[in-house]
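Here's the letter readout for the chains.
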Amino acid sequence: MTQARTMLQRGILKLVHLLALVLCVSAGGDFDWTKNEKTSFYYGTFPTGFSWGVGSSAYQTEGAWNTDGKGMSIWDVFAHKRGKISLNETGDSSCEGYYKFKDDINLMKEMRLNHYRFSISWPRILPSGLRSEHVNEKGISYYNELINSLLDSKITPVVTLYHWDLPQVLQEKYGGWQNGSMVGYFNEFASLCFERFGNRVKHWITFNNPWSISVEGYETGEHAPGLKMRGTGAYKAAHHIIKAHAKVWHTYDMKWRSKQKGLIGISLTADWGEPVDVSNQRDIEAAERYIHFYLGWFATPLFHGDYPQVMKEYIGRKSGQQGLGASRLPVFSPQEKSYIQGTVDFLGLGHYTTRYVTQKNYPSGFGDSYFADRDLAELVDPKWPDPGSEWLYSVPWGFRRLLNFVKTQYGNPMIYVTENGVSEKMLCTDLCDDWRMQYFREYINEMLKASSGTKGSRSGSGSTLWTSGTKTNHVTQKLRSSSTNASSAPTDFPTRERWRAGRGKPWRPAPPVTSCWLQIR
């Protein structure tokens, strides 16, 4: 059995889980930044309906990158460029899930799991990205067989439509998510999925972590397609992604919902930002700005119809200071605002860690940059447990703080925490899981507190965990480097200051390798 296969069995199926629970605390009032009650471990039980599951993404698990008519994705091309991935590894074979998904399902059955979250590879079913040109029936057959096998095993399929693997043809011809034409093309792809799979799939996620797609794909170039369009690329990509999500939601709502009875959501990832000094209004404003530039960038338009006011103010002012005639942040028309608002049946939420945040001004002469636009610095507490990854510290209380914020900010939406987890870098020949067990125990307990209505809990209505691989050695994890001694991230961004002596390397959010589904109803 290959190392990748072992990682799938030990990592994905052991580390990830799904639960469904109901929160009993009502929403109301504004978020209180001054109250951070770090309560002790809570012993209790989850409500009826609690269930466990696992998850994955196509590029990270399927392999078979050029098999049975599949087209090239931007990640196929990116990973094949030398120097982009540590040790020049690729996802060409990955976990061979394309061939061994039945083995995976048998493992899920043995563990009595209830849900499986996976993504559909756009270029596997539409090699050129366009439905009008060619539908790859072999790709359709693969996902049909996967879905049917899951249902036969009484495992519910949860499907992500876009987990970063854009057809390369669309990137080359149109510039990918820099081009508004992607809105229509993505809708065609989604419509095909609803048509072929929607009679059996009832939970759809349009995009996984659009922050990473936008910032790391089009601002820093750390992810596929590897473009460095600082100050503009991320905002333009995000603008089109938001409109694409809304269009797919409306398409499903008008054509499929009455027949298929499914739900359409989006999965957004955000770390928590805690003010360095909760008595300092500037720190509180900086922390709130951190969240709005991270989570609110996407959530606020979908719930309220437009970008967070603080984003419009800061980016607009910086753009003016730079001599630009208009803000680098695109503008939604009144019609678009109305069309976008309310297009979420549930909010997927990914969360891993926390940062302390303080005010820090960056002059206009610093240059165009998403990070400079925020005027803040991120810090970590040296007392926080560090599992080895440069960016991921265990801060369980930040999890509940984020859930509380989402509930008060967006009107108590149904929340599915679609990603949460931790890496562990130890030199051992077998699975070294003590640290991960501790991480999950503490983070899940914050969910239990929320579901039980303990003091200070006002979180949302759904949750899912997504974890790194057992030794963070998957190809996409290696993009960030699987060693704390290696660094591939630019060091000139004003985002990565440490509150830890002797650790000068920049903080970088690493892409996860496996996932789980935690649902709170």
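Residues numbered from 1 in each chain as written. Predicted model: local features only at pLDDT ≥ 70, side-chain atom pairs only at ≥ 80, totals over all residues. Heavy atoms only, no water.

Asks: Can you explain the pairing of strand β8 (residues 346-350)? Please cite residues and give values.
Replies: Across the five residues of β8, five count as buried, placing the element largely inside the fold. Both faces of β8 are covered, namely the face carrying Phe346, Gly348 and Gly350 and the face carrying Leu347 and Leu349. Where strand β6 (residues 263-269) and β8 come together, five bridges link them in parallel fashion. Residue Ser267 lies in a different strand from β8, and its bridge partner there is Gly348. Direction of pairing for β8 relative to strand β11 (residues 415-419): parallel, over a ladder of three bridges. (Buried < 20%, exposed > 50% of the residue type's maximum accessible area, 1.4 Å probe, protein only. Helix = DSSP H or I, 4+ residues; strand = E, 2+ residues; numbered from the N terminus. Pairing = 2+ DSSP bridges.)

Asks: How would you sum up the sheet that holds strand β7 (residues 272-275)? Please name residues and give values.
Replies: Within the open sheet, the three strands sit side by side as β7-β9-β10. Their pairing is mixed. Two strands lie at the open edges of the sheet, namely β7 and β10 (376-379), each paired on one side alone. Sheet twist, expressed as the average angle between the axes of neighbouring strands with direction ignored, equals 40 degrees. In terms of strand pairing, β7 meets strand β9 (residues 354-359) through four bridges, oriented parallel. Its bridge partner lying in β9, Glu274 is registered against Tyr356. Across the face of the sheet, helix α11 (residues 281-304) comes into contact with β7, β9 and β10 while running at roughly 125 degrees to β9. Packed onto the sheet, helix α15 (residues 396-409) meets β7 and β9 and runs at close to 95 degrees relative to β7. (Axes fitted to C-alpha atoms, helices over the stretch in contact; angles between N-to-C directions. Contact = heavy atoms within 4.5 Å.)

Asks: For helix α12 (residues 309-321), give the residues involved together with the corresponding values.
Replies: For an α-helix the count is 3.6 residues per turn, leaving residues at separations of three or four pointing the same way. The end-to-end C-alpha distance of α12 is 18 Å, a good match for the 18 Å that 13 residues give at a rise of 1.5 Å each. For α12, every residue scored as buried is listed here: Val310, Met311, Tyr314, Ile315, Lys318 and Ser319. For α12, the buried positions fall inside an angular range of 150 degrees around the axis, keeping them on one side. Each element contacted by the buried residues of α12 is listed here: α10 (233-260), α11 and α14 (370-373). (Expected span 1.5 Å × (residues − 1). Arc of directions from axis to C-beta.)

Asks: How would you explain the nonpolar core if you had to name every residue and give the values?
Replies: Counting 126 residues, the largest nonpolar core has Ile120, Trp122, Trp177, Phe186, Trp204, Leu295 and Trp297 as the members making the most contacts within it. Looking at this core, the element that brings in the most residues is α11, giving 13 residues. What Ile120 contacts, discounting residues up to four positions off in sequence, is Ile125, Tyr143, Val159, Thr160, Leu161, Asp165, Phe189, Cys193, Phe197 and Trp204. (Core = buried A, V, L, I, M, F, W, Y, C linked by side-chain atoms within 4.5 Å.)

Asks: An account of the pairing of β10 is needed here, citing residue identities and associated values.
Replies: Of the two faces of β10, the one lined by Leu376 and Glu378 and the one lined by Ala377 and Leu379 are each fully buried. Two elements, β9 and β10, share four bridges in a ladder whose sense is antiparallel. The residue bridging Gln359 from the neighbouring strand is Leu376, located in β10.

Asks: Provide a residue-level description of helix α6 (residues 137-152), including the pertinent values.
Replies: Between the first and last C-alpha of α6 there are 22 Å, a value that for 16 residues agrees with the 22 Å anticipated at 1.5 Å per step. When α6 is considered as a whole, its buried residues turn out to be Gly139, Ile140, Tyr142, Tyr143, Leu146, Ile147, Ser149 and Leu150. As for α6, its buried residues are in contact with α2 (58-61), α4 (97-110), β3 (115-119), α5 (122-125), β4 (156-162) and α8 (181-197). Downstream of α6 by one or two residues, Lys154 has phi in the positive range, about 60 degrees.

Asks: Tell me what's going on with the environment of Tyr99, and back it up with residues and numbers.
Replies: Checked against the element boundaries, Tyr99 lands in helix α4. A relative accessible area of 51% places Tyr99 in the exposed class. What Tyr99 contacts, discounting residues up to four positions off in sequence, is Ala64 and Thr67.

Asks: Account for the packing of α11 against α12, with residues named and values stated.
Replies: At a minimum axis separation of 9 Å, α11 and α12 run at an interaxial angle of 110 degrees. Judged on the interaxial angle alone, α12 and α11 are roughly perpendicular. Together, Arg289, His292, Phe293 and Trp297 of α11 and Val310, Met311, Tyr314 and Ile315 of α12 make up the contact between the two elements. Residues belonging to the contact of α11 with α12 are distributed by class as follows: six nonpolar, one polar and one charged. (Parallel < 35°, antiparallel > 145°, perpendicular 65-115°, else oblique. Nonpolar A, V, L, I, M, F, W, Y, C, P; charged D, E, K, R; others polar.)

Asks: I'd like a description of the environment of Ile241, backed by residues and values.
Replies: When you line up the elements, Ile241 lands in helix α10. With sequence-adjacent residues up to four places away left out, Ile241 is seen in contact with Trp177, Phe207, Pro210, Ile213 and Ser214.

Asks: A description of the packing of aromatic side chains should follow, citing residues and the corresponding values.
Replies: On inspection of all chains with the given rule, the structure shows 49 aromatic pairs. Relative to Tyr443, the ring of Tyr439 has its centre 4.0 Å away and its plane inclined at 20 degrees; by these criteria the two rings are stacked. Pair noted here: Tyr439 and Tyr443 are both in helix α16 (residues 434-452), with a separation of four residues, about one helical turn. By relative accessible area, which is 0% here, Tyr443 ends up buried. Taking the ring centre of Trp397 as reference, the NZ or CZ of Lys38 above it sits at 4.5 Å. (Phe/Tyr/Trp six-rings, centres within 6.5 Å; stacked < 30°, edge-to-face > 60°. Lys NZ or Arg CZ within 6 Å of the ring centre and 35° of its normal.)

Asks: Account for the confidence of the model for the protein, naming residues and giving values.
Replies: The share of residues in the protein with pLDDT of 70 or more is 79%, and the mean pLDDT across the chain is 81. Considering only residues more than four positions removed or in separate chains, one finds that residues 1-28, a stretch of pLDDT under 50, has 119 contacts. Within the model, the stretch residues 455-521 combines pLDDT values under 50 with 328 contacts to residues more than four positions away or in other chains. (pLDDT = per-residue confidence, 0-100.)

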